[in-house]
Amino acid sequence: MRDVTYAMSVSLDGYIVGPDGGFDWTVPDEEVFRFWTDETRQLGAHLLGRRLYEAMLYWEAADQDPSLDDAQLEWTALWKSLPKVVFSTTLSAVQGNARLATGSLAEEIERLRAEPGEGDIAIGGATLAAEAAASGLIDEYRAMVYPVLVGGGIPFFPQHERRVDLELVETRTFNSRVVYLRHRVTR
C-alpha cells in the first residue's frame with residue numbers, strides 16, 4: 001500500500017512560515033535542493049491545499065524561465081509530470097497535471113491507494129496535513145529543519161488532542177546545517 005507522507009521545511013521552533021507569512025529562510029542550497037528532487041522522484045501523487053497550490057504554480061511554466069539551471073529544470077520536469085490533487089472551496093479550475101478534489105481527503109487518499117502505480121502520496125500544506133493527521137492518515141512525517149527561530153506563524157505539526165508515537169527511521173545533516181528528520185507513525 002502506498003504511504004501518505006507529510007514533508008515540509010520547518011523552523012527549529014516548529015513553523016513552516018513565520019508570523020508575517022514569510023518563508024524566505026527555507027530557500028534550499030544546492031545540496032538540499034538535490035535531496036528534495038530525489039524525494040520528488042519517489043512520489044506517485046501530491047495532495048495540496050489551495051495556498052500551496054497557488055505558491056507552486058510558478059513551476060508549471062518554469063521551464064520557460066531562461067535563468068533556471070539544469071537542476072531546477074530537472075525538478076520542474078518532475079513536478080509538472082507529478083499528478084496533483086488540489087483541495088479548495090474557492091477554485092473552479094486548476095492547471096497542469098492537477099485536478100480538483102471531488103471527495104473528502106480520506107476518500108481521495110483511499111482512491112489513490114487503490115489505483116495501480118507506485119510512489120508515496122505526499123501531503124503539502126499545514127491545513128491539509130492537520131486534517132490528515134486528525135484522521136490518522138499520515139504514515140510518515142518528514143521535516144527539513146532549518147536553524148532559525150521565527151517566533152510564530154503556521155506550525156508544522158498539527159495541534160490535535162491525541163498522542164501519536166513515532167519511530168525515527170532516517171536523519172541527515174546537510175553542509176548548510178539543515179537537518180532532515182524522517183519519522184514513521186507506529187501503529
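Each value, and the rule that gives it
Residues numbered from 1 in each chain as written. Predicted model: local features only at pLDDT ≥ 70, side-chain atom pairs only at ≥ 80, totals over all residues. Heavy atoms only, no water. Helix = DSSP H or I, 4+ residues; strand = E, 2+ residues; numbered from the N terminus. Buried < 20%, exposed > 50% of the residue type's maximum accessible area, 1.4 Å probe, protein only. Pairing = 2+ DSSP bridges. Core = buried A, V, L, I, M, F, W, Y, C linked by side-chain atoms within 4.5 Å. Contact = heavy atoms within 4.5 Å. Axes fitted to C-alpha atoms, helices over the stretch in contact; angles between N-to-C directions.

Now for unusual backbone geometry. The backbone of arginine 177 shows a phi angle near 75°, a positive value even though the residue is not glycine. Among the structural elements, arginine 177 can be located in the loop between strand E9 (166–173) and strand E10 (179–185). Assessed through its relative accessible area of 59%, arginine 177 is described here as exposed.

Let us now look at the pairing of strand E4 (residues 84–87). Residue alternation in E4 divides its side chains into two sets, Lys84 and Val86 and Val85 and Phe87, and both sets are buried. Bridging between strand E3 (residues 43–49) and E4 involves four bridges; their strand directions are parallel. When the sheet's bridge partners are listed, leucine 47 is paired in E4 with valine 85. As paired elements, E4 and strand E5 (residues 98–100) share three bridges and run parallel to each other. Along E5, the bridge assignment pairs valine 86 with leucine 100.

Bringing the nonpolar core into the picture now. With 27 residues, the main nonpolar core has Tyr6, Leu47, Leu105, Ile123, Ile138 and Phe156 as its most contacted residues. Contributions of two or more residues to this core are made by strand E1 (4–11), strand E2 (15–17), E3, E4, helix H4 (105–114), strand E6 (120–124), helix H5 (126–134) and strand E7 (140–146). Leave out the neighbours within four places in its chain, and tyrosine 6 touches Ile16, Ile123, Gly125, Ala126, Ala129, Ile138, Glu140, Tyr141, Arg142 and Phe156. Judged by nonpolar contacts, the second largest core, of 14 residues, contains Leu43, Met56, Ala62 and Ala98.

Let's shift gears to the sheet that holds E10. Strand order in the open sheet made by the eight strands is E5-E4-E3-E6-E1-E7-E10-E9, with mixed pairing throughout. Of all the strands in the sheet, just E5 and E9 have a single pairing partner and so form its edges. Averaged over neighbouring strand pairs, the angle between their axes works out to 25° when direction is ignored. The sheet contact formed by E9 and E10 spans seven bridges and is antiparallel. Residue pairing for E10: glutamate 170 is matched across the bridge by arginine 182.

Nothing here speaks to function; it is all geometry.
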